[in-house]
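Chain by chain, the residues run as shown.
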Amino acid sequence: MNTINQDKTLSSIPLHNEKDFQGMRKAGSLAAKILDTLYNLIKPGISTEEINYHCHKMIISNHAVPAPLNYRGFPKSVCTSVNHVVCHGIPSKEKILNEGDIINVDVTVIVDGWHGDSSRMYCAGKINPKAKKLVETTYKSLMKSIAILKPGIHLGDIGFIIQNYAESKNFSVVRDFCGHGLGKVFHCAPSVLHFGEKNEGIKLEEGMFFTIEPMINAGNWAVKILNDGWTAVTKDKSLSAQFEHSVGITKNGAEIFTLSQNGTDLPINIL
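All residue numbers refer to position in the chain's written sequence, counted from 1. A pLDDT threshold of at least 70 governs which residues receive local features in this predicted model, and a stricter bar of 80 or more applies before side-chain atom pairs are shown or counted, although totals over entire chains, interfaces and linings include all residues. As a convention, hydrogens and water are excluded, and side-chain values are obtained from all of the structure's heavy atoms.

A. Spatial organisation of the overall build of the protein chain. Starting at the N terminus, helices and strands are each numbered in turn, a helix being any DSSP run of H or I of at least four residues and a strand any DSSP run of E of at least two. Scanning the protein chain for helices and strands turns up 4 helices and 15 strands. Between the two quantities, the radius of gyration covers C-alpha atoms and the globule rule is 2.2 Å times the number of residues to the power 0.38. The C-alpha atoms of the protein chain give 17 Å as radius of gyration, which agrees with the globular expectation for 271 residues (18 Å, within 12%). The principal-axis extent of the C-alpha atoms belonging to the protein chain is close to 45 × 45 × 35 Å. For the protein chain, the proportion of its 271 residues judged to be buried stands at 58%. Contacts are assigned to residue pairs that have any heavy atoms within 4.5 Å of one another. Intrachain contacts of the protein chain at a sequence separation of at least 6 include 73% that bridge at least 24 residues. Each accessible area is a Shrake-Rupley result for a 1.4 Å probe, and residues are judged covered by the shown protein chains and nothing else. Accessible area for the protein chain stands at about 11,300 Å²; split by element, carbon and sulfur atoms hold 51% of it. For this count, His and the chain ends are skipped, Lys and Arg are scored as positive, and Asp and Glu as negative. Every charge is mapped onto a representative atom, which is NZ of Lys, CZ of Arg, CG of Asp or CD of Glu. Within the protein chain, the 26 negative side-chain charges are centred at a point lying 3 Å from the centre of the 28 positive side-chain charges. Accessible area is worked out with a 1.4 Å probe on protein chains only. A residue is then buried under 20% of its type maximum, exposed over 50%, and partly exposed in between.

Here's what the structure looks like:
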């Protein structure tokens, strides 16, 4: 839920201590746990409202708060983005998944004041080879960018890795949305672009928390917002995919707060 907003200085970016890392681990773990349960739930015939209800009930039962609900007027507890929807899709009873659909579910929970934010792709039944390649490429672009994280690298290095990999597979990177800082607030500095050049932007420092959440399109990168004010779709109606992790910069690398606990970070039914 973050649009491009470049950060000019380091002074606006919070740096966190070990106690803060503990808070983020707890929040991130719950977000991951919820996404883990969707692997067996999502199949042809389910509505996106049913997915929302399942997630909402699980969030509340774990004494957490669904951060998207009523955030700037967003009406649901999670985002469900199907096929050519890039992000911020609104769950509804009318939207039923069909065989071969791909869907991103974006979950953000608040646990003891800390935000755990993550999203994954899921497949409704068997998907076609191009959709499979898109989903795999998007996931790998995220993980390749996380692999380089450490103090001293530039924000632009993250975008460069993602863009270079996605375009090498003949896909495009959405420019209109980006990753974001988080912690006690849902969205803060830094803005993490998913395209860019090496050695551009601020240098990472130990204690920074942020998301990386590349949106990769099968066609052109251009998007538009529907009349509901939220749903972003590809202008050319091509498929889009997204994966997201929340991370914290450590002394020598980075910690992923939102890793799957059952091995379904990448939906294994596409393999």
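B. Broad picture of the pairing of strand 8 (residues 188–192). With respect to burial, strand 8 is a largely interior element, 4 of its 5 residues being buried. Pairing between strand 7 (residues 179–181) and strand 8: 3 bridges, direction antiparallel. Looking at strand 8, one finds that Gly181 is bridged to Cys188. When DSSP locates at least two bridges between a pair of strands, those strands are taken to pair. Where strand 7 folds back on strand 8, the antiparallel hairpin that results is connected by 6 residues.

C. Representation of the nonpolar core in the model. For the purposes of this section, nonpolar cores are sets of buried Ala, Val, Leu, Ile, Met, Phe, Trp, Tyr and Cys residues that join through side-chain atoms within 4.5 Å. In this structure, Leu149, Ile158, Leu204, Phe210 and Ile212 are the most contacted members of the largest nonpolar core, which totals 34 residues. Elements with a minimum of two residues in this core: strand 5 (114–123), helix 3 (129–147), helix 4 (155–168), strand 8, strand 9 (209–212) and strand 14 (245–249). Examining the composition of this core, we find that 6 residues originate from one element, helix 3, more than from any other. Once residues lying within four places of it in the same chain are set aside, the contact partners of Ile158 are Ser145, Ile148, Leu149, Ile153, Val192, Leu193, Phe210 and Ile212.

D. Structural context of the pattern of salt bridges. Just to be clear on terms, a salt bridge is a Lys or Arg side-chain nitrogen sitting within 4 Å of an Asp or Glu carboxyl oxygen. On inspection of all chains with the given rule, the structure shows 7 salt bridges. Taking the shortest distance from any N to any O, the salt bridge between Glu255 and Arg25 comes out at 2.7 Å. Of this pair, Glu255 sits in strand 15 (residues 254–256) while Arg25 sits in helix 1 (residues 18–41), and the two are 230 residues apart along the sequence. For Lys26, the salt bridge identified is with Asp112, shortest N-O distance 3.1 Å. With Lys26 in helix 1 and Asp112 in the loop between strand 4 (102–111) and strand 5, this pair connects stretches of sequence that are 86 residues apart. For Asp112, a relative accessible area of 55% translates into the label exposed. One continuous salt-bridge network, built from bridges that share partners, spans Glu18, Arg25 and Glu255.

E. Expanded view of the packing of helix 1 against helix 2 (residues 48–61). Lines are fitted to the C-alpha atoms to define the axes, a helix being fitted only along its stretch in contact, and any angle between axes, read from their N-to-C directions, falls within 0 to 180 degrees. Where helix 1 meets helix 2, the closest approach of the two axes is 10 Å, and the angle between their N-to-C directions is 145°. Crossing handedness for the pair helix 1 and helix 2: right-handed. Judged by residue contacts, Lys33, Ile34, Thr37, Leu38 and Leu41 of helix 1 engage Ile51, His54, Cys55, Met58 and Ile59 from helix 2. Note on convention: the crossing is left-handed when the near helix lies turned anticlockwise from the far helix by less than a right angle, right-handed when the turn is clockwise.

F. Quick peek at unusual backbone geometry. Ala189 connects to Pro190 through a cis peptide bond whose omega is 5°. Along the chain, Pro190 turns up in strand 8. Even without a glycine there, the phi angle at Lys237 is positive, about 65°. Looking at the element boundaries, Lys237 is found in the loop between strand 12 (232–234) and strand 13 (240–242).

Structural measurements only, silent on function.
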